[in-house]
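Chain by chain, the residues run as shown.
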Amino acid sequence: MASKYLCVPATSGSSDLPSLRRAQACCRGILKAVNEDVRETEHRQRLSQYQRRLDAAPQFKSLDLTTKTMIHEGPLIWKINKDKQIEIQALLLSDCLVLLQKGPDDRLQLRYPSRWLGGAGGVMVDNKPSFSPLVKLDALLVRSVATDKKALYIISTTETLIYELVAGSPSEKDT
């Protein structure tokens, strides 16, 4: 920790040593609390920005991002199948994973991917469940892809679907 004041170390026999250590611990606690409040405020502001830019399908109109707690955000590639992939902005919230695609006029689209790819969109496509851009966290498993260090599988146990998401680098995947 940098300080503009010269810190003179107390000797082990000094009566000030316990007081100095308590003060140091208190200062660290205050700095930690301030940093956490700043981070939470920045996340709330980011969620408000996302909410203003959100263009949601009718199924997701009731989603209010500002009522959620953001854990992480970042760009990913969503591999729908081996031939089709979508660049997305992923939001990891306290209760769900939101997969947003950039649309026209800097809007963020929250729609089923089959609609982005020219399909009908909705819950069923060709008698198979469609991938949802809103995935609840309470029934998810996360696994690394053995053949790609930048990719991971998100396995939805309720929808019996496997989402393959690819980060820009292995370190981005790990965050």
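Residues numbered from 1 in each chain as written. Predicted model: local features only at pLDDT ≥ 70, side-chain atom pairs only at ≥ 80, totals over all residues. Heavy atoms only, no water.

*Asks:* Before we go on, may I ask you to explain the nonpolar core in this structure?
*Replies:* Nonpolar side chains in soluble globular proteins generally cluster together in the buried interior. With 18 residues, the main nonpolar core has Phe60, Leu65, Leu91, Leu93, Val98, Leu100 and Leu110 as its most contacted residues. Contributions of two or more residues to this core are made by α1 (17-53), β1 (54-56), β3 (85-93), β4 (96-102) and β5 (108-110). (Core = buried A, V, L, I, M, F, W, Y, C linked by side-chain atoms within 4.5 Å. Buried < 20%, exposed > 50% of the residue type's maximum accessible area, 1.4 Å probe, protein only. Helix = DSSP H or I, 4+ residues; strand = E, 2+ residues; numbered from the N terminus.)

*Asks:* Any chance you could explain the pattern of salt bridges here in plain terms?
*Replies:* Charged atoms that come close allow side chains of opposite charge to pair. Applying the stated criterion across every chain, the model contains six salt bridges. A salt bridge links glutamate 36 to arginine 39; the shortest N-O distance between them is 2.6 Å. Placement of both glutamate 36 and arginine 39 in helix α1 is noted, with a separation of three residues, approximately one turn of the helix. A salt bridge links arginine 46 to glutamate 73, with the shortest nitrogen-to-oxygen separation between them at 3.0 Å. Separated by 27 residues along the polypeptide, arginine 46 in helix α1 and glutamate 73 in strand β2 (residues 70-79) bring together distant segments of the chain. On the basis of relative accessibility, which here comes to 30%, the residue arginine 46 falls in the partly exposed class. For glutamate 73, a relative accessible area of 23% translates into the label partly exposed. (Salt bridge = Lys/Arg side-chain N within 4 Å of Asp/Glu carboxyl O.)

*Asks:* Is there a simple way to explain the side chain of glutamine 89 in this structure?
*Replies:* Considering the arrangement of structural elements, one finds glutamine 89 in strand β3. By relative accessible area, which is 11% here, glutamine 89 ends up buried. Within the structure, the side chain of glutamine 89 is placed 2.9 Å from the side chain of tyrosine 50, a separation counted as a polar contact. When residues no more than four places from it in sequence are discounted, the contact partners of glutamine 89 are Tyr50, Glu73, Gly74, Pro75, Val98, Leu99 and Leu100. (Polar contact = N/O pair within 3.5 Å; in protein donor to acceptor, adjacent residues only side chain to side chain. Contact = heavy atoms within 4.5 Å.)

*Asks:* What's the story with the pairing of β2 in this structure? I'm lost.
*Replies:* Note on strand geometry: in a regular strand, side chains alternate between the two faces of the sheet. Direction of pairing for β2 relative to β3: antiparallel, over a ladder of nine bridges. Looking at β3, one finds that isoleucine 77 is bridged to glutamate 87. Remark: five residues form the turn of the hairpin made by β2 and β3, two consecutive strands paired antiparallel. Bridge count for β2 against strand β11 (residues 161-166) is three bridges, and the pairing is antiparallel. Residue tryptophan 78 lies in a different strand from β11, and its bridge partner there is leucine 165. (Pairing = 2+ DSSP bridges.)

*Asks:* Got a minute to help me understand the packing of aromatic side chains in this structure?
*Replies:* Aromatic ring pairs are defined here through the distance separating the ring centres and the angle between the ring planes. The tally for this structure, following the rule as stated, stands at four aromatic pairs. Where phenylalanine 131 meets tyrosine 163, the ring centres are 5.0 Å apart and the plane angle is 70 degrees; that geometry is what we call edge-to-face. Here the residue phenylalanine 131 occupies a position in the loop between β7 (128-129) and β8 (134-136), and tyrosine 163 occupies one in strand β11, the gap between them amounting to 32 residues. Residue phenylalanine 131 shares its accessibility class with tyrosine 163, and that shared class is buried. Three or more aromatic residues joined by ring pairs make a cluster, and in this case those are Trp78, Phe131 and Tyr163. (Phe/Tyr/Trp six-rings, centres within 6.5 Å; stacked < 30°, edge-to-face > 60°.)

Geometry only, nothing functional implied.
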